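Close look at the chain arrangement
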Amino acid sequence: MDRRAQRVLEAALGARVEHAARLGGGDINDAFRVSMSDGRVVFVKTNQRADPAMFPAEARGLEWLRRANALRVPEVISAAPELLALEHIEAGRPAPDHDERLGQGLADLHRFGAPSFGLDHDNFIGRLAQRNAPAESWPEFYRTRRLEPQLRAAERAGLAPRSLLTSFERLFGVLSERVGPPEPPARLHGDLWGGNLHTAASGEPCLIDPAVYGGHREMDLAMMLLFGGFGSRVFDAYEEAYPLAPGHEERVALYQLYPLLVHVNLFGQSYVGSVARALAQLI
């Protein structure tokens, strides 16, 4: 662990770092299992190049999820521009009812709700800024806070051909008809792909690395379907606990557009075709 981050951690926890073992899995931050002189073991993420607001925003997001008391979320121990220290949750194998608990817990999280479409602070998805200023309606929020910012970033980077921009303009003209029946804002994880699901030693599902906001609950579900990693029992258990509105199958492509655009801006040209194929299903 970087010496500066170590000093920040020791000052925050009031104990010395005895040992820091690097952990794998992240592609943005460095991660460590850290043993402290007072006997505590904590999980620590560091990134000396990160936006100084990133780790504090993630800490707020984790606490926002924890308030729903729906699924296990690691407790925040300390957050600073240099690092994020969390409760260390030892990994294990999924329990027999893991998928059912995940589906039901996610339904409870979504149903717990949010004050608005948006959030009272901005945060990040991956290393990209995510603007969360509340909007009056879900179609407005999805267009102006999610799709348009990522589309413009891709355009500035030379990654959005004219045909793609034209297709989005056509979609924006009918977006209010495509988003589904009105629903109250759900409390979203916001970046729920398989890598952001952790299984504890107890076998229970745990949510990590969120990009939270109040939004349409089908956003989380569409993200889960985008790259796989979730069993069918998860979705069945969700549907049993909190049935989805008619037509939700046809809206999956719509709600995958945002994470796909994020991937364009994170990883480049290789994801542009996936965005175009999703759009082709909608217009």
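Anyway, here's the lowdown on the structure attached to this text. (Residues numbered from 1 in each chain as written. Predicted model: local features only at pLDDT ≥ 70, side-chain atom pairs only at ≥ 80, totals over all residues. Heavy atoms only, no water.)

1. Section: the overall build of the protein
Counted only if it meets this: A run of H or I in DSSP counts as a helix once it spans at least four residues, and a run of E counts as a strand once it spans at least two, with each numbered from the N terminus. Here the globule rule is a power law, 2.2 Å times the number of residues to the power 0.38, and the radius of gyration is based on C-alpha atoms. Type-normalised accessible area, obtained with a 1.4 Å probe on protein chains alone, sets the label of each residue: buried when under 20%, exposed when over 50%, and partly exposed for intermediate values. In what follows, residue pairs with any heavy atoms lying within 4.5 Å of each other are defined as contacts. Per-residue and other accessible areas were derived by the Shrake-Rupley procedure at a 1.4 Å probe size, with only the shown protein chains allowed to occlude residues. The sign given to each residue is positive for Lys and Arg and negative for Asp and Glu; His and the chain ends receive no count. Taken as the charge location is NZ of Lys, CZ of Arg, CG of Asp or CD of Glu.
Helix and strand counts for the protein come out as nine helices and 11 strands. Computed over its C-alpha atoms, the radius of gyration of the protein comes to 19 Å, within 12% of the 19 Å expected for a compact globule of 283 residues. Projecting the C-alpha coordinates of the protein onto the three principal axes gives extents of approximately 60 × 45 × 30 Å. Per-residue burial over the protein gives 52% buried out of 283 residues. Nonlocal contacts in the protein, meaning residues at least 24 apart in sequence, comprise 66% of its contacts between residues at least 6 apart. Of the roughly 12,700 Å² of accessible surface on the protein, a fraction of 49% belongs to carbon and sulfur atoms. Side chains of the protein give 31 positive and 36 negative charges; the mean places of these two sets differ by 5 Å.

2. Focus on the nonpolar core
In plain terms, the rule: Side-chain atoms within 4.5 Å are what join buried Ala, Val, Leu, Ile, Met, Phe, Trp, Tyr and Cys residues into a set we call a nonpolar core.
In terms of nonpolar packing, the biggest core is built from 74 residues, with W138, Y142, F168, L254, L257 and V275 touching the most fellow members. L257 has contacts with Y142, L147, F168, L171, V275, A278, L279 and L282, leaving out every residue within four places of it along the chain. Counting 12 residues, the second-largest nonpolar core is a separate cluster that includes L9, L13, V17 and V44.

3. What to know about the packing of aromatic side chains
Each aromatic ring pair is characterised by the separation of its centres together with the angle its planes make. Convention followed: Two rings from Phe, Tyr or Trp (for Trp, the six-membered ring) form a pair when their centres sit within 6.5 Å of each other. Planes less than 30 degrees apart are called stacked, planes more than 60 degrees apart edge-to-face, and all others tilted. Put simply, a charge is over a ring when the Lys NZ or the Arg CZ is close to the ring centre, within 6 Å, and near the line of the ring normal, within 35 degrees.
As enumerated under the stated definition, the model contains nine aromatic pairs in all. A centroid spacing of 5.9 Å and a plane angle of 25 degrees characterise the contact between W138 and F141, whose relative ring orientation is stacked. One end of the pair, W138, and the other, F141, are both in helix α4 (residues 138-156), three residues apart, so they sit about a helical turn from each other. You can call F141 buried: its relative accessible area is 0%. A connected cluster of aromatic rings, assembled from ring pairs, spans F117, W138, F141, Y142, Y213 and Y255. Geometry around Y242 places R111 over its ring, the cationic atom sitting 4.9 Å from the centre.

4. Regarding the side chain of E218
Going by this rule: Distance and chemistry together define a polar contact, namely a pair of N or O atoms within 3.5 Å, with one atom able to donate a hydrogen and the other to accept it when in protein, and with adjacent residues in sequence counting only for side-chain atoms on both sides.
You can see E218 is positioned in helix α6 (residues 218-226). Owing to a relative accessible area of 5%, E218 belongs among the buried residues under this scheme. Engagement of the side chain of E218 in a polar contact is seen with the side chain of R251, the distance being 2.9 Å.

5. Digging into the environment of A276
Note on placement: A276 falls in helix α9 (residues 272-280). Overall, the relative accessible area of 35% leaves A276 in the partly exposed class. Along the backbone, A276 and S163 are 113 residues apart, and their C-alpha atoms lie at a distance of 8.9 Å.

6. As for the pattern of salt bridges
For clarity, the cut-off: Any Lys or Arg side-chain nitrogen found within 4 Å of a carboxyl oxygen on Asp or Glu counts as a salt bridge.
Summed over the entire model, instances satisfying the criterion amount to 22 salt bridges. Of the charged contacts in the structure, one is a salt bridge between D30 and R22, with a shortest N-O distance of 3.1 Å. According to the relative accessible area criterion, D30 is partly exposed, its value standing at 36%. Classification of R22 as exposed rests on a relative accessible area of 56%. Ionic pairing is found between R152 and E155, a salt bridge with its closest N-O pair at 3.2 Å. With R152 and E155 both in helix α4 and three residues apart, the pair spans about one turn of that helix. Note on R152: relative accessible area 29%, which makes it partly exposed. Through salt bridges with shared partners, a single ionic network connects R72, E87, D97, R101 and E204.

7. What to know about the sheet that holds strand β2 (residues 30-36)
Applied cut-off: In short, DSSP must find at least two bridges between two strands for them to pair. Each axis is a line fitted through C-alpha atoms, taken for helices only over the stretch in contact, and angles between the N-to-C directions span 0 to 180 degrees.
Strand order in the open sheet formed by five strands is β1-β2-β3-β5-β4, with antiparallel pairing between adjacent strands. Edge positions in the sheet fall to β1 (17-23) and β4 (76-79), since each has one partner strand and no second. Neighbouring strand axes in the sheet, compared pairwise and without regard to direction, differ in orientation by 25 degrees on average. With six bridges joining them, β2 and strand β3 (residues 41-46) adopt antiparallel strand pairing. By the bridge assignment, D30 is partnered in β3 with T46. Sheet contacts for helix α1 (residues 3-13): β1, β2, β3, β4 and β5 (83-87); angle to β5, the most-contacted strand, approximately 50 degrees.

8. Considerations on helix α8 (residues 252-267)
Here is the rule we go by: Take the residue count of a helix, subtract one, and multiply by 1.5 Å to get its expected span. For a residue, the bend is simply the angle between two axes, fitted respectively to the seven-residue segment ending there and the seven-residue segment starting there.
Look at α8: 22 Å from first C-alpha to last across 16 residues, which is about the 22 Å you get at 1.5 Å a residue. In α8, a bend of some 30 degrees at Y258 exceeds every other bend along the element, and P259, a proline, comes one to four places later. For α8, a buried count of 14 out of 16 residues is recorded, marking the element as mostly surrounded by other parts of the structure. After α8 finishes, the residue G268 shows a positive phi value of roughly 100 degrees.

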